[in-house]
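Chain residues, written in single-letter form:
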Amino acid sequence: ENIVKKRALIAQAQEVTAVEVSSHNDYKKTTDALLALQADWKKIGFGPKQENEAVWAEFRGICNEFFDKKKAFYAQRDGQFGEIKKRKEDLIEEANAMKELTDWKLGAQKIVALQKKWKDVGSAGPKFENQLWKKFRAPIDFFFNAKDGHFNQLDAANAENLAAKE
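Since the structure is predicted, the reported quantities are computational estimates derived from the model, not experimental observations.

### Some details on the side chain of T31
Among the secondary structure elements, T31 is positioned in helix α2 (residues 24-43). A polar contact of 2.6 Å, which involves the side chain of T31, links it to the backbone oxygen of Y27. Residue contacts for T31: discarding those within four places in its chain leaves F66, F67 and K70.

### Section: the nonpolar core
Core analysis: the biggest nonpolar cluster contains 17 residues, and I10, A13, Y27, L34, L37, W41 and F59 have the highest contact counts within it. Not counting residues within four places of it along the chain, the set of residues in contact with I10 comprises W41, V55, E58, F59 and I62. Residues I84, A95, I140 and F143 belong to the second largest nonpolar core, which totals 16 residues.

### Some remarks on the environment of E15
By secondary structure assignment, the location of E15 is in helix α1 (residues 2-18). As a C-alpha pair, E15 and G47 span 32 residues in sequence and 23 Å in three-dimensional space.

### Details of the packing of aromatic side chains
The description of two aromatic rings rests on the distance between their centres and on the angle between their planes. Scanning all chains against the criterion turns up 13 aromatic pairs. With a centroid separation of 6.2 Å and 40° between ring planes, the pair formed by W56 and F59 is classed as tilted. On the criterion of helical spacing, the pair formed by W56 and F59 is a turn pair, its members being 3 residues apart in helix α3 (residues 49-98). Overall, F59 belongs to the buried group, its relative accessible area being 0%.

Cut-offs used in this document
Every chain's residues receive numbers from 1 upward, in the order its sequence appears when written. The model is predicted, so local features are restricted to residues of pLDDT at least 70 and side-chain atom pairs to those at 80 or more, both for listing and for counting; the totals for chains, interfaces and linings are taken over all residues. Only hydrogens and water are set aside; all other atoms, that is, all heavy atoms of the structure, feed into the side-chain values. Secondary structure elements follow DSSP: runs of H or I no shorter than four residues count as helices, runs of E no shorter than two count as strands, and numbering proceeds from the N terminus. N or O atoms closer than or at 3.5 Å make up a polar contact, with two conditions inside protein: a donor-capable atom paired with an acceptor-capable one, and, for residues adjacent in sequence, both atoms drawn from side chains. The contact rule is simple, with two residues in contact once any of their heavy atoms fall within 4.5 Å. Remark: nonpolar core denotes a set of buried residues (Ala, Val, Leu, Ile, Met, Phe, Trp, Tyr, Cys) joined through side-chain atoms within 4.5 Å. In this scheme, a residue with accessible area under 20% of its type's maximum is buried, one over 50% is exposed, and one in between is partly exposed, where area comes from a 1.4 Å probe on protein chains only. Each Phe, Tyr or Trp ring (for Trp, its six-membered ring) is paired with any other whose centre lies within 6.5 Å, and the angle between the two planes then decides the class: stacked below 30 degrees, edge-to-face above 60, tilted in between.

This is the structure we're talking about:
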C-alpha cells in the first residue's frame, strides 16, 4: 500500500517537473511543489525493502535532476548579473567624474545620457541593484543640487538688481 502511494507521488513529481521552467517564479513554484511532495513522501511509511529502495531511487532521481537544472539556471543568471554589475560600476565612475562639472547645460545632457545608459543596461539582480542605484544616484544628486544652488543664487542676485532698479 505504501509503495502504491509512493508511486503516485513519483507520477506527481514527473508531472511537476515536466513543465518547462524558465524564470525565477517558475522555479519557485516548481520547487515549492517538489518540496511538498517530499514532505508527503516522508509521511508515508516504509514498504518492502527492495521495492522501497527502488521507488526512493526513482523519486530522488527526479528531484535531483530538477534541482541540478535549477542550480545551473541560477549560476547562469548570477553570471549575467555579474556582467551587468560591472557595467553599472563603470557608469558610477563616469557619474562621479561628471559631478563637478560647471557647464550646466552640457553636464545635464551628459548625465541624462548616462541615466539612459543605466536603464538600458538592465538589472544587476536583487542582491546588488539597490546598492548600485544609491551609489549612482549620489553624484547625480550632487550635480543637480549644485546646479540648482547656482541658479538660485543668480535668481536672488537678479531679484536684488531688479529691486535696486525699481
